[in-house]
Amino acid sequence: MKILVCITNVPDTTAKISFTDNNTKLNKAGVQYIIGPYDDYALARAVELKEQQGGSITVLNVGEAESDPQIRKALAIGADDAVRVNAEPTDSYFTATQIAAIAKEGGYDLILMGRESIDFNSGVVHGLVGEMLGIPSFSPVMKLDIEGATAKFAREIEGGKEFLEAPLPLVLGCQEPIAEWKIPNMRGIMTARTKPLKVVEPVAVGDMATLDQYTLPAPKGACKMIPADQAETLISLLKTEAKVL
Amino acid sequence: MVLIFVELDNGSIKKTSLEAVAYGAAVAKATGTTATALAIGTADAAELAKAGTYGATKVLHANAAELANENAMAYASVLAAAVKNENAEVVILPKSGLCDAMGARAAAKLGASIVSGVTELPDVSNGFKVTRSIYTGKAFATVDVKGTVKILGIKKNAIEAVEGTGSATVEAFTPALNNGDFVAKVTGQEKASGELSLTEADIIVSGGRGMKGPDNWQPLLDLASALGAATGCSKPVSDLDWRPHHEHIGQTGIKVAPNLYIACGISGAIQHLAGVNSSKVIVAINKDPEAPFFKAADYGIVGDVFDILPRLTKAVKDAK
Ligand SMILES: Cc1cc2nc3c(=O)[nH]c(=O)nc-3n(C[C@H](O)[C@H](O)[C@H](O)COP(=O)(O)OP(=O)(O)OC[C@H]3O[C@@H](n4cnc5c(N)ncnc54)[C@H](O)[C@@H]3O)c2cc1C
Ligand SMILES: Cc1cc2nc3c(=O)[nH]c(=O)nc-3n(C[C@H](O)[C@H](O)[C@H](O)COP(=O)(O)OP(=O)(O)OC[C@H]3O[C@@H](n4cnc5c(N)ncnc54)[C@H](O)[C@@H]3O)c2cc1C
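An unreviewed UniProt entry lists chain B under the name Electron transfer flavoprotein subunit alpha/FixB family protein, with Runella aurantiaca given as the organism. According to the UniProt record, the Sequence similarities (unreviewed entry) comment for chain B is "Belongs to the ETF alpha-subunit/FixB family."

Looking at an unreviewed UniProt entry, one finds chain A named Electron transfer flavoprotein subunit beta, with Runella aurantiaca as its source organism. Turning to chain A, the UniProt annotation filed under Sequence similarities (unreviewed entry) states: "Belongs to the ETF beta-subunit/FixA family."

Put into structure tokens, the structure is as follows:
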């Protein structure tokens, strides 16, 4: 089985977000980058599926050279090779077009992504790629098994989950508890250095949504503390002052 | 023309979808055109006509038997057909799992721009600029949407939906369906019945590890029921199976935007806050005065949840 795992290179979940260049660029000073947490679940499940059934895992990122440490980490966790499309991802459609172009060439049985990126949180790249390739896409997937040419999986729906079966090839957006995050071991880190990372140039896509500027939310006012022995007054404050009851 | 997809739940239009209609009608007004709603699945005409009171002048209803169950791929095909039929330039969807998936597939079919997580009405004075939430609520980006067809996924509370007196005609919409959209077989479903959905809820009462165990949830459930609130939890709580996974709120769970979020025994880790920072008013109850949640909250009580929760429930009941 050939699996493609698409990973994002994103600021750590605890990163403080601020901007530079007249609010048109992320201020990267002091920001740690990670593999998107949902993408990390997708990768972990891919590694488990490969351990069960054999096959190969290719990781793919659309991004600039600063993504390479995260790509190497994915190789250390268990991917066999990697492709980086050398471009700043300018919007969901651009990103999906690049992924679809690589996927078309590779002929993968399974394309695993995260449920959403944690920078732009769109949750749309899997649907876009599925349609561009003319194959089904599902998200968010929280359980996945492969039996022959059929995927058996569970998808989270409002208030519960739905169990599905569909023929490969498929695009799936993953979330927990599909697998536990994996930490690379020493051997993985050593072998990752020599695994192939191919850098390719992007295919052309017209402008779909261009950035004007970034803004930060207005700072939060102080928290009004209510003494525990007067807890009941909270209810009247929520009614008369906050007007949410 | 502005086309708005309205999501149905057991034959009723969801509240976030009525917001989407109001949003679409406002965009139509600003661009000098009309708003049409599209509903897929079973609903009666009187319910669908409700879209009229929020500003749509027409409702397309696709009600083929094959479409009775939610299917993002089939729904995307219907949406794309409606866009072509109506010459829609702007498409509005409420933000949800179904809508993200169908919006994405429709965008690829139409070569349309898609922007998800929109928080405000567009600025159409110079181009078509929309502001969206990014970095899980930690910032916003304003983007200029360039596609001939523009698909927007709007977040809850992007607009205040006010019911008016308008009316809409309901028309049957029967595009050809593609077999390819029905290759997946649904083999089962587990769904809590009669539960208020977290993404729709106006009030959420949420519990963390401070609730100390699955058997201690009753006081929290009592408060939620007195308030008519949905219930949520922190990630460790769902990881430990104290509460079902679909209640998990935060960076790696559901992102919510209620009017009121009450956090009980949750420390307020940045990854939890990422899922709740779009709430209008936040209350934190925690026995530790240094808990980070107090920095993100509007109201705080330092105390033991097992003492405070029953008293709040009583106060809510007394005030009724
Ligand atoms: C420097 C920079 C500039 C940007 N400028 C703009 C802009 O001008 N306008 C705009 O609209 N957006 C802009 N973006 C956002 C960028 O386009 C998104 O990060 C990207 O499209 C993916 O985010 P998404 O929310 O669409 O992905 P989602 O749909 O939430 O992602 C779902 C899944 O798709 C896969 N995936 C997503 N992105 C990638 C990727 N790059 N490589 C591999 N797999 C991926 C992952 O598995 C992910 O979990 C910019 C981002 C950066 C870093
Ligand atoms: C990549 C990543 C993603 C993550 N995603 C999420 C996410 O989506 N959602 C999420 O919630 N977390 C997420 N986390 C985990 C997060 O960092 C925290 O560990 C988690 O939110 C803590 O949950 P908690 O507040 O319930 O538990 P704790 O941190 O253990 O806090 C319990 C709190 O209860 C209080 N308490 C104890 N007893 C009482 C009492 N009797 N009365 C009142 N208060 C009491 C304590 O003072 C404490 O503040 C993520 C972490 C990572 C690294």
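What follows concerns the packing of aromatic side chains. All names here are of chain A. Tallied over the entire structure, the rule returns six aromatic pairs over all chains. Measuring from centroid to centroid gives 4.4 Å for phenylalanine 19 and tyrosine 214, while their planes differ by 10°, and the two rings are stacked. With phenylalanine 19 in strand E3 (residues 19–20) and tyrosine 214 in strand E14 (residues 209–215), this residue pair connects regions lying 195 residues apart in the sequence. Take tyrosine 214: its relative accessible area is 10%, and that puts it in the buried class. Where tyrosine 41 meets tryptophan 181, the ring centres are 4.7 Å apart and the plane angle is 25°; that geometry is what we call stacked. Here the residue tyrosine 41 occupies a position in helix H1 (residues 37–53), and tryptophan 181 occupies one in the loop between strand E12 (170–174) and helix H5 (186–192), the gap between them amounting to 140 residues. Over the aromatic face of tyrosine 108 sits the side chain of lysine 2, whose NZ or CZ is 5.0 Å from the ring centroid.

So, on to the site of ligand 1. Taken together, the neighbourhood of ligand 1 is formed by 30 residues, with Cys6, Asp39, Thr90, Ser92 and Gly123 of chain A sitting nearest. More than one chain lines the surroundings of ligand 1; the residues nearby belong to chains A and B. Asparagine 121 of chain A is positioned such that a nitrogen or oxygen atom in its backbone is 3.5 Å from an oxygen atom of ligand 1. With respect to ligand 1, the side chain of serine 122 of chain A contributes an N or O atom lying 2.7 Å from an oxygen atom. Considering ligand 1 on its own, with 940 Å² of exposed area, one finds that the protein chains cover 90% of that surface. Split by residue class, the shell around ligand 1 holds 13 nonpolar, twelve polar and five charged.

Considering all chains together, one arrives at two cavities of 30 Å³ or more under this definition. For the largest cavity, the calculated volume is near 60 Å³. Lining the largest cavity we find Pro11, Asp12, Thr13, Ile17 and Ile118 of chain A together with Tyr135, Thr136, Lys138 and Gln251 of chain B. When its volume is computed, the second largest cavity comes out at roughly 40 Å³. The wall of the second largest cavity is formed by Val124 of chain A together with Leu93, Pro94, Cys99, Asp100, Gly103, Ile114, Ser116, Ile151, Leu152 and Gly153 of chain B. Among the secondary structure elements, those contributing two or more residues to the lining of the second largest cavity are strand E6 (90–94), helix H4 (97–110), strand E7 (113–118) and strand E10 (150–154) of chain B. Tallied by class, the residues present in the lining of the second largest cavity amount to seven nonpolar, three polar and one charged.

The next subject is the side chain of glutamate 116 of chain A. Turning to its location among the elements, glutamate 116 of chain A is positioned in the loop between strand E8 (110–114) and helix H4 (125–133). A distance of 3.2 Å separates a polar atom in the side chain of glutamate 116 of chain A from a polar atom in the side chain of asparagine 121 of chain A. Only 3.2 Å separates the side chain of glutamate 116 of chain A from the side chain of lysine 255 of chain B, close enough to count as a polar contact. In contact with glutamate 116 of chain A, other than residues within four places in its own chain, are Tyr38, Asp39, Asn121 and Gly123 of chain A together with Lys255 of chain B.

Strands sit in the order E13(A)-E7(A)-E6(A)-E1(A)-E8(A)-E12(A)-E9(A)-E10(A)-E11(A)-E12(B) across an open sheet of ten strands; the sheet is mixed. In the strand order of this sheet, the two ends are held by strand E13 (197–200) of chain A together with strand E12 (185–191) of chain B, each with one partner. Strand-to-strand twist of the sheet, defined as the mean angle between neighbouring strand axes without regard to direction, takes the value 25°. The pairing of strand E9 (residues 137–147) of chain A with strand E10 (residues 150–157) of chain A spans six bridges and is antiparallel. Bridge pairing in E10 of chain A links valine 141 of chain A to arginine 155 of chain A.

The rules behind each value
- Starting from 1, residues in each chain are numbered consecutively following that chain's sequence as written.
- Starting at A for chains and at 1 for ligands, labels are handed out in the order in which the entities are written.
- Selection of residues for local features in this predicted model requires a pLDDT of at least 70, selection of side-chain atom pairs for listing and counting requires 80 or more, and totals for whole chains, interfaces and linings are taken over all residues.
- Water and hydrogen atoms were dropped before computing side-chain values, which therefore reflect all heavy atoms in the structure.
- UniProt positions are given in the numbering used here, feature names are shortened, and annotations may be inferred rather than shown by experiment.
- Here is the rule: rings of Phe, Tyr and Trp (six-membered ring for Trp) pair when centre to centre is within 6.5 Å. Planes less than 30 degrees apart are stacked, more than 60 are edge-to-face, and the remainder are tilted.
- Counting from the N terminus, the helices are the DSSP runs of H or I reaching at least four residues and the strands are the DSSP runs of E reaching at least two.
- Working definition: with a 1.4 Å probe on protein chains only, accessible area under 20% of the residue-type maximum means buried, over 50% means exposed, and in between means partly exposed.
- Definition used: whenever NZ (Lys) or CZ (Arg) falls within 6 Å of the ring centre and also within 35 degrees of the ring normal, the charge is taken to sit over that ring.
- One heavy atom within 4 Å of a molecule or strand makes the whole residue count as near it.
- The term polar contact refers here to a pair of N or O atoms within 3.5 Å; inside protein, the definition further demands a hydrogen-donor-capable atom paired with an acceptor-capable atom, and it admits residues adjacent in sequence only when both atoms are side-chain atoms.
- Methods summary: accessible areas were calculated by the Shrake-Rupley approach with a probe of 1.4 Å, and residue burial reflects only the protein chains presented.
- Amino acids are sorted into nonpolar (Ala, Val, Leu, Ile, Met, Phe, Trp, Tyr, Cys and Pro), charged (Asp, Glu, Lys and Arg) and polar (every other residue, Gly among them).
- Within this scheme a cavity is a closed region of a 1 Å grid, computed over the protein atoms alone, that accommodates a 1.4 Å probe without allowing it to escape, whereas a pocket is open but has protein on both sides within 12 Å along at least five of seven lines; lining residues each have an atom within 4 Å of a point.
- Grid points are joined across faces, edges and corners, and a volume is the space filled by probe spheres set on the points.
- Note on contacts: a residue pair is in contact if any heavy atoms of the two residues lie within 4.5 Å.
- Strands qualify as paired when DSSP identifies two bridges or more between them.
- Whenever a helix is involved, its axis is fitted only over the stretch in contact; in every case the axis is a line through C-alpha atoms, and angles between N-to-C directions fall within 0 to 180 degrees.

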